[in-house]
Amino acid sequence: MRANRLGAALAVALTATLASCGSGEPAQSTEAAQSPTAAAQGPVKLVYWTWAPNMDKIVDVWNKAHPDIQVTVSKQAGGDDAAAKYLTASKAGNPPDLVQAEYQHLPSFIAADAVADLKAETAAVKGEFSEGLWNLVTLGTEGVYGIPQDSGPMMLFYRQDLFDKYGIAVPKTWQEYADAARTVRKKDPKAYLGTFSSKDPGAFTGLAQQAGAQWWSISGESWKVNIADEPTKKVADYWDGLVKEGAIDDMPFFTPEWNKALNDGKLLSWPSAVWAPGVLSTNAPKAKGKWAIAPLPQWNAGESFSGFWGGSSVAVSAKTPNKAAAAQFATWLNTDPAALELLVKEAAIYPASTKAQSALGEAPEYFSNQPDFWQQAATVSAGARGFTFGPNVGVTYNSFKDAFDKALQSKSPFSAAIQTMQDATVADMRKSGFQIAS
Amino acid sequence: MKRSAPYVFLTPAIVLFTLFLAVPIGYTVYLAMLRSKVSGLGLGKGSRREVFVGFDNFAAALSDAELWNGWLRVLGYGALVLVVMLGLALLFALLLDSARVRLARFSRIAIFLPYAVPGVAATLLWGFLYLPSLSPIREILDVDFLGATTVTYSMANVAVWGGVGFNMLVLYTTLRAIPRDLYEAARLDGASEFQIAIRVKIPILVPAIILTTVFSIIATIQVFTEPTTLRPLTNTISSTWSPLMKVYRDAFVTGDLYSAAATSIVIAAISLVLSFGFLRVVRNRAFGEG
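Residues numbered from 1 in each chain as written. Chains lettered and ligands numbered in written order. Predicted model: local features only at pLDDT ≥ 70, side-chain atom pairs only at ≥ 80, totals over all residues. Heavy atoms only, no water.

## With respect to the packing of helix H12 (residues 230–245) of chain A against helix H20 (residues 414–432) of chain A
Residue and element names in this part refer to chain A. Interhelical geometry of H12 versus H20 gives an angle of 140 degrees and a closest axis separation of 8 Å. On the basis of their axis angle, the class for H12 and H20 is oblique. Together, Thr-232, Ala-236, Asp-237, Trp-239, Asp-240 and Val-243 of H12 and Phe-414, Ser-415 and Ile-418 of H20 make up the contact between the two elements. Among the residues making up the contact of H12 with H20, the classes are represented as 5 nonpolar, 2 polar and 2 charged. (Axes fitted to C-alpha atoms, helices over the stretch in contact; angles between N-to-C directions. Helix = DSSP H or I, 4+ residues; strand = E, 2+ residues; numbered from the N terminus. Parallel < 35°, antiparallel > 145°, perpendicular 65-115°, else oblique. Contact = heavy atoms within 4.5 Å. Nonpolar A, V, L, I, M, F, W, Y, C, P; charged D, E, K, R; others polar.)

Structure representation (structure tokens):
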């Protein structure tokens, strides 16, 4: 029942617009100040879209040392919406100069011609990153479309105190994880070992990567889409069984209810990524010091694979008039030792730079009971396998949410949801004219 | 000079209309006839261009089963909201207008107050009440408010809670404008308060009821806030639950502005047909025209 109020709001907006038009003075908006004409007169001014916490503090350090290149942080809400917003801004012709781009969204940015090729500007720093991460910003092509900032290798976060209380050993394989899930249900009918979230395609993607999935690949001049491959089906069937049996809950991650369960000890584990301490410290403050980490359970005993959930790079807009300056800042931010230290300390990220990863010392405060946090993370990271993301991840991820929502609701098989994702992705790529190899 | 005066007065309206209505609508129609085409891998410069596809996007929107499912869901939801909300609004207006009610001013404000709460805030608030482990209601009532069958009612509840006050105020204001001697005459004829309400007040209210119904039909077709805000909390609301949500998804999640433009034009056309259709049906009662 908001239509009439919306009308009123529009009327106010109109009046405001007219008023500012009629005043005869250009509005002193930030956009106006950052236009290329303004840049020609004074120092280069760059706008940087990011959602990493405290990024403004880090940028302040840069601005003090570089009076000729001034960067302004524009704080964004993270996630898939941020990517959509950037694509829309880019299409509308006024994107920021720099943008934090999650690895899975980078291909859509490249396909939309929204990010600049930084091959020349980054030749010197290529060696600072592992080959796997570097591949994520090149897609295996000649171009370089971003500078890796952080990565999100997945680990198992679990409640050490409750595992001890219920006599559960840390699961080494997914089989053991399933058994542990059943044990938890027996010991405390109100608690669950974990939950399957139909809202977080990123988490599922990471688990599929761990199992060896390759959803997209490029062969010659065409794309291969293989979302419904064997490893992915294996992962889907596994969680399907646990959810239908009632051994695992199906409430989505990051809801108020989920937070409460984490805080109250009603959820005993979370297969998540290295950035989880930030989430846990905000959402489950009561459980501080009670969580511990372990490598993800494996499909076959003795293996040590992991996948990636999230992780992002800094990309430069294809439309910026100040590409060189933007590339210079992005390089500093992700390779300079002082900047990296700030990134870890202030923004609480797991840096992409290999050197910075090995220099990590003290565990995150929430995990003060786990002094070897970063060493474990490094081990996990070494065994993490990612894959090339496709040019329409937005479609795939949205299809995941809808299809898995439906599967949970109607108790239909998860493997059918996987097939829906595959079909939706291929149909969308066909419609846009991408060359697809069958 | 005198001749030009009317045009001078009209100019602001025409300029506003052109800038903020005609041009955007024209641009939307234009966008709806395009599609983005890539070649080969679709990576790198110049691999993506816009091509003209005529009415293809409209055809796709009209033949999209998911969009029609959305309409069905909104129809069910809308019927529920319209009947309950307008029924309650009418009931409250009549109660407040009756001579014997106490605390009328307080009740009026209390019923109207939810309308002042922004839709997103209201939905979040209700969302917390619906969530099993956070809700005080759930401790008493063992109902899954966000289940596949119940979620429509839960959403309708939010809309009703927010909308009753506004509609009640419209009806109540109309009631206050009725000359009191009409009631007196009815009473002299031996009519009870209930009979006065049914035989005198409601017939006089009909135009106002029609007005609130048209407003409510338009608002219901555009339902977006409630399902979008509740969606992260449950797995029973899809990204295309209502037609407008599908437009949002196409434009901003999957990046297909062209389909979104076509679908939004289809929605606008259906809204026009529904609201004008309703007005046509009730024209006699509303305006006393033949």
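After that view of the structure, there is still more to cover.
## Focus on unusual backbone geometry
Residue and element names in this part refer to chain A. Although it is not a glycine, Phe-254 sits at a positive phi angle of roughly 65 degrees. Within the fold, Phe-254 resides in the loop between H12 and helix H13 (256–264). A positive phi angle, close to 55 degrees, is found at Lys-411, a residue other than glycine.

## Regarding the interface of chain A and chain B
Facing 47 residues of chain A, the contacting portion of chain B comprises 57 residues. Note on chain A versus chain B: buried area summed over both sides is about 4,100 Å², and carbon and sulfur give 55% of it. At the boundary of chain A with chain B, the tally comes to 2 salt bridges. Inspection of the chain A/chain B interface yields 11 residue pairs in polar contact (both at pLDDT 80 or more). Going through the elements one at a time, helix H1 (3–22), helix H5 (80–92), helix H6 (106–111), strand S6 (222–225), H13, helix H19 (393–410) and H20 of chain A are the ones with two or more residues in the side of chain A that touches chain B. (Buried area = accessible area lost by both parts, 1.4 Å probe. Salt bridge = Lys/Arg side-chain N within 4 Å of Asp/Glu carboxyl O. Polar contact = N/O pair within 3.5 Å; in protein donor to acceptor, adjacent residues only side chain to side chain.)

## Concerning the nonpolar core
Trp216(A) and Trp239(A) are the most contacted members of the largest nonpolar core, which has 143 residues in total. Each residue touching Trp239(A), except ones within four places of it in the same chain, is listed here: Trp174(A), Tyr177(A), Phe196(A), Leu207(A), Ile248(A), Pro271(A) and Phe414(A). In terms of nonpolar packing, the next biggest core, distinct from the first, is built from 62 residues, Ala156(B), Ala159(B), Tyr183(B) and Ile221(B) among them. (Core = buried A, V, L, I, M, F, W, Y, C linked by side-chain atoms within 4.5 Å. Buried < 20%, exposed > 50% of the residue type's maximum accessible area, 1.4 Å probe, protein only.)

## Quick notes on a nonpolar patch on the surface
Residues and elements named next belong to chain B. On the surface, Phe-17, Leu-21, Ile-25 and Val-29 cluster together into a nonpolar patch covering about 360 Å² of accessible area. Tracing the backbone shows Val-29 in helix H1 (residues 5–32). Judged by relative accessible area, which is 31%, Val-29 ranks as partly exposed. (Patch = residues over 30% accessible without salt bridge, like charges linked within 9 Å, V, L, I, M, F, W, Y side chains within 5 Å. Areas by Shrake-Rupley, 256 points an atom, 1.4 Å probe, with all protein chains shown as cover.)

## Brief notes about the packing of helix H5 (residues 119–130) of chain B against helix H7 (residues 151–176) of chain B
All names here are of chain B. One can describe the packing of H5 onto H7 by two numbers: an axis separation of 10 Å at closest approach and a directional angle of 135 degrees. In terms of their interaxial angle, H5 and H7 are classed as oblique. In the crossing of H5 with H7, the sense of the turn from one axis to the other is right-handed. Residues Ala-122, Thr-123, Trp-126 and Tyr-130 of H5 form the contact with H7, whose participating residues are Ser-154, Asn-157, Val-158 and Trp-161. Its residues assigned to classes, the contact of H5 with H7 comprises 5 nonpolar, 3 polar and no charged. (Left-handed = near helix turned anticlockwise from the far one by under 90°.)

## Section: H5(B)
Residues and elements named next belong to chain B. Here H5 is 12 residues long and its end C-alpha atoms lie 16 Å apart, about the 16 Å a rise of 1.5 Å per residue gives. Three or more residues of H5 are buried, namely Gly-119, Ala-122, Thr-123, Trp-126, Gly-127 and Tyr-130. For H5, the angular spread of buried residues about the axis comes to 140 degrees, placing them on one side. Where H5 is buried, its residues contact helix H6 (136–140), H7 and helix H10 (225–230). (Expected span 1.5 Å × (residues − 1). Arc of directions from axis to C-beta.)

## Structural notes on the confidence of the model for chain B
Summing up the model confidence of chain B, the mean pLDDT is 90 and the portion of residues at 70 or higher is 97%. Across the whole predicted complex the pTM is 0.85, and at the interface the ipTM reaches 0.85. (pLDDT = per-residue confidence, 0-100.)

## A short note on the pattern of salt bridges
A complete count under the given rule lists 22 salt bridges over all chains for this structure. For Glu245(A), the salt bridge is made with Arg182(A), and the minimal N-O distance between the two is 2.5 Å. In this pair, Glu245(A) is assigned in helix H12 and Arg182(A) in helix H10 (residues 174–187), connecting sequence segments 63 residues apart. Overall, the relative accessible area of 44% leaves Glu245(A) in the partly exposed class. The residue Asp405(A) makes a salt bridge to Lys199(A) at a minimum N-O spacing of 3.1 Å. Of this pair, Asp405(A) sits in helix H19 while Lys199(A) sits in the loop between H10 and helix H11 (201–211), placing them 206 residues apart in sequence. A residue is classified by how much of its surface remains accessible, and Lys199(A), at 12% relative accessible area, is buried. Through salt bridges with shared partners, one network takes in Asp64(B), Lys246(B), Arg249(B) and Asp250(B).

## Thoughts on the side chain of Thr232(A)
All names here are of chain A. Mapped onto the elements of the fold, Thr-232 is located in helix H12. At a separation of 2.9 Å, a polar atom in the side chain of Thr-232 contacts the side chain of Trp-215. At 2.4 Å, the side chain of Thr-232 and the side chain of Asp-229 are in polar contact. Setting aside chain neighbours within four positions, we find Thr-232 in contact with Phe-204, Ala-208, Ala-213, Trp-215, Ile-227 and Ile-418.

## Considerations on the confidence of the model for chain A
Averaged over chain A, the pLDDT score is 88; the fraction of residues at 70 or greater is 90%. Across residues 1–39 of chain A, where pLDDT falls below 50, the model places 37 contacts with residues more than four positions away in sequence or in other chains.

## Here's the deal with the pairing of strand S3 (residues 98–102) of chain A
Successive side chains on a regular strand alternate, one facing one side of the sheet and the next facing the other. All names here are of chain A. Among the 5 residues in S3, 5 count as buried, and that is most of the element. What you see with S3 is no split at all: Leu-98, Gln-100 and Glu-102 on one side and Val-99 and Ala-101 on the other are buried throughout. Sheet analysis places strand S1 (residues 44–50) next to S3, joined by 2 bridges and oriented parallel. Residue Trp-49 lies in a different strand from S3, and its bridge partner there is Val-99. (Pairing = 2+ DSSP bridges.)

## Considerations on H20(A)
Relative to the 27 Å expected for 19 residues at 1.5 Å per residue, H20(A) spans 27 Å between its end C-alpha atoms, a close match to the ideal helical length. Turning to H20(A), its buried residues number three or more, namely Phe414(A), Ala417(A), Ile418(A), Met421(A), Gln422(A), Thr425(A), Val426(A), Asp428(A), Met429(A) and Ser432(A). Tucked into the core, H20(A) has its buried residues touching H11, strand S5 (216–219), S6, H12 and H19 of chain A together with strand S1 (34–38) of chain B. Of the residues one or two after H20(A), Gly433(A) is the one with positive phi, at around 95 degrees.

## Focus: the packing of aromatic side chains
Any aromatic ring pair is given by two values, namely how distant the centres are and how the planes are angled relative to each other. All names here are of chain A. Summed over all chains, the structure comprises 54 aromatic pairs over all chains. Taking the centre distance of 5.6 Å and the plane angle of 40 degrees together, the rings of Phe-196 and Phe-404 count as tilted. In this pair, Phe-196 sits in the loop between H10 and H11 while Phe-404 sits in helix H19, placing the two residues 208 residues apart along the sequence. In this structure Phe-196 comes out as buried when scored by relative accessible area, which is 5%. The exposure class of Phe-404 is buried, given its relative accessible area of 0%. Both rings, one in Tyr-238 and one in Trp-239, keep their centres 5.4 Å apart while their planes meet at 90 degrees; by these two values the pair is edge-to-face. Lying over the aromatic face of Trp-49, Lys-85 brings its terminal NZ or CZ to 5.0 Å of the ring centre. (Phe/Tyr/Trp six-rings, centres within 6.5 Å; stacked < 30°, edge-to-face > 60°. Lys NZ or Arg CZ within 6 Å of the ring centre and 35° of its normal.)

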